[in-house]
Amino acid sequence: MLQGKRILLIIGGGIAAYKVLELIRRLREEGASLRVVMTKAAKEFVTPLSVASLSGTKVFDDLFSLTDETEIGHIQLSRAADLVVVAPATGDLIAKMTHGLADDLASTLLLATDKKILLAPAMNIRMWLNPATARNVAQLRGDGVLFAGPEDGEMACGEYGPGRMSEPHAILAAIRVALESNTSIPLPGRLLSGRRVVVTSGPTREPIDPVRFLGNYSSGKQGHAIAAAAAQAGAEVVLVSGPVALPDPSGITVRHVATATEMLAAVEKGLPADIFIGAAAVSDWRVAQVAEQKLKKAERAPVLSLVENPDILAGVAAGGKARLVVGFAAETENVIEHARVKLAHKHCDVIVANDVSAGVMGDDENQVTIVTRENAETWPRMRKDQVATKLIAYLAARLGGIRG
Ligand code: C5P
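Residues numbered from 1 in each chain as written. Predicted model: local features only at pLDDT ≥ 70, side-chain atom pairs only at ≥ 80, totals over all residues.

Considerations on the sheet that holds strand S21 (residues 376–378)
Taken in spatial order, the eight strands line up as S13-S12-S9-S14-S17-S18-S20-S21 in an open sheet, and their pairing is mixed. Sheet topology places strand S13 (253–256) and S21 at the edges, where each strand pairs with a single neighbour. Sheet twist, expressed as the mean angle between neighbouring strand axes with direction ignored, is 15°. Judged from the six bridges that link them, strand S17 (residues 322–331) and strand S18 (residues 350–355) form a sheet pairing that is parallel. Pairing of Gly327 across the sheet is with Ile351, part of S18. Against the sheet, helix H10 (residues 221–232) contacts strand S9 (196–201), strand S12 (236–241) and strand S14 (273–278), and its axis sits at roughly 165° relative to S9. (Pairing = 2+ DSSP bridges. Helix = DSSP H or I, 4+ residues; strand = E, 2+ residues; numbered from the N terminus. Axes fitted to C-alpha atoms, helices over the stretch in contact; angles between N-to-C directions. Contact = placed C-beta atoms within 7 Å.)

As structure tokens, this is what we get:
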């Protein structure tokens, strides 16, 4: 429940604005107290009247309206909230925020607030993937701004990909997390400056023939967030990524690979490093004989013979070219026990264990247990970028304790 929580909701101008009506209804059902601001463009998509009737409150839209300024100044409006939520957060609003522009009420409030800000981006896939937006988003994340989504999906313009605004229930979940946790605070100082970090992320694809492959559901969201958090903390980062639908985080060397063998080669090139983090879901097997031509449908289904792939994580731990070796254990049962076995088997320093039976793969949230030889520490469920920030702070502290 959000009883008594004060939320300043800023509605940006995008087709996804219609979904905000549902968000307003659910926020009120949960007892939140709302103040709503609409940009000029937002009013082209939903009417202030429908927003006012659903929210049960006056809609603010004019920076220079004298009555608003005498009743409640924009500074007060920006501060008298527990959380500022922007939905939909358009490419334009995100760009304005990044540069601290303040030419209307919404952008002025975003510049003036001293409260946490949660953005629910929504824009066309090309706009989201544009390096300018990627740079802006990375910058805002670094400043401690929180994000809910965007999600992959069919867009209003008919294209498919990342950029669709999260559904109201997902934004609501992110609002709860933002109000509960303290983990959104940007990483203190330059925790990893002068350090080198190599991260693997995403799935691998093991070819069967020229058109088919063995793969898995890994989205790369956790690994990419870790790489971004390490860069934010000042590290020089090499991200070795399997095929994912995510933009390359800015300020990072990204090596795109497909198979486990390619991933291993790229990791070896990236070493030595201070920290190696194996967050990729590397396929344990590959097809022994990849068919040169597309397999034809025959009377009998083909039998695939598999061979084991190299274990990249165990190899890095054995090679001694990383001072701190961190693995992931994605399990569907007895998560901590399996993580302990993995820690011992693969000789790594830390295993981040998570239960993937709960639909974590592809989700924006994760619940992890940090398993070391000494103990196991379970963290609350939070967004993957928050897990990343907390993990980087934890690893930086651990690295500080290692001499070298
Ligand atoms: O053995 P399992 O695949 O469950 O171990 C998961 C951990 O090992 C992850 O950190 C993953 O990145 C890493 N791994 C690897 N190379 C493999 C298999 C797993 O680096 N071939």
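Observations concerning the site of the ligand
The immediate surroundings of the ligand are formed by 14 residues, with Gly278, Val282, Ile312, Leu313 and Gly327 found nearest. For the shell around the ligand, the elements supplying multiple residues, two or more each, are helix H12 (312–319) and S17. Per element, the largest residue contribution to the shell around the ligand is three residues, and it comes from S17. Its residues placed into classes, the shell around the ligand shows seven nonpolar, four polar and three charged. (Near = placed C-beta within 6 Å. Nonpolar A, V, L, I, M, F, W, Y, C, P; charged D, E, K, R; others polar.)

Here we look at the nonpolar core
In terms of nonpolar packing, the biggest core is built from 118 residues, with Ala87, Ile226, Ala230 and Ile392 touching the most fellow members. When sequence neighbours within four positions are dropped, the list of residues in contact with Ile226 reads Val199, Ile277, Ala279, Ala388, Leu391 and Ile392. (Core = buried A, V, L, I, M, F, W, Y, C linked by C-beta atoms within 7 Å. Buried ≥ 20, exposed ≤ 12 C-beta atoms within 10 Å, placed from the backbone.)

What about the packing of helix H1 (residues 17–29) against helix H2 (residues 48–55)?
Running from N to C, H1 and H2 cross one another at 15°; their axes reach a closest spacing of 9 Å. The orientation of H1 with respect to H2, classified from their angle, is roughly parallel. H1 and H2 meet at a crossing whose hand is right-handed. Along the contact surface, H1 presents Leu21, Ile24, Arg25 and Arg28, while H2 presents Ser50, Val51, Leu54 and Ser55. Counted by class, the contact of H1 with H2 contains four nonpolar, two polar and two charged residues. (Parallel < 35°, antiparallel > 145°, perpendicular 65-115°, else oblique. Left-handed = near helix turned anticlockwise from the far one by under 90°.)

Remarks on the pairing of strand S7 (residues 151–154)
Summarising the sheet, S7 and strand S8 (residues 160–164) pair through four bridges and their orientation is antiparallel. Residue pairing for S8: Asp152 is matched across the bridge by Pro162. Taken together, S7 and the strand that follows it, S8, pair antiparallel across an intervening segment of five residues, in which Gly158 is found at a positive phi of about 95°.

Observations concerning the domain arrangement of the protein
Note: interface size is frequently given as the accessible area lost on complex formation between the parts. Domain assignment breaks the protein into domain 1 (6–180) and domain 2 (196–400). Between the C-alpha centres of domain 1 and domain 2 there is a distance of 33 Å. With 13 residues of domain 1 at the contact, the number on the domain 2 side is 11 residues. Elements with a contribution of two residues or more to the side of domain 1 that touches domain 2: helix H8 (131–142), S8 and helix H9 (168–180). Counting residues per element, the side of domain 1 that touches domain 2 draws most heavily on H8, at five residues. Classifying every residue of the side of domain 1 that touches domain 2 gives seven nonpolar, three polar and three charged. (Domains from an automatic or database assignment.)

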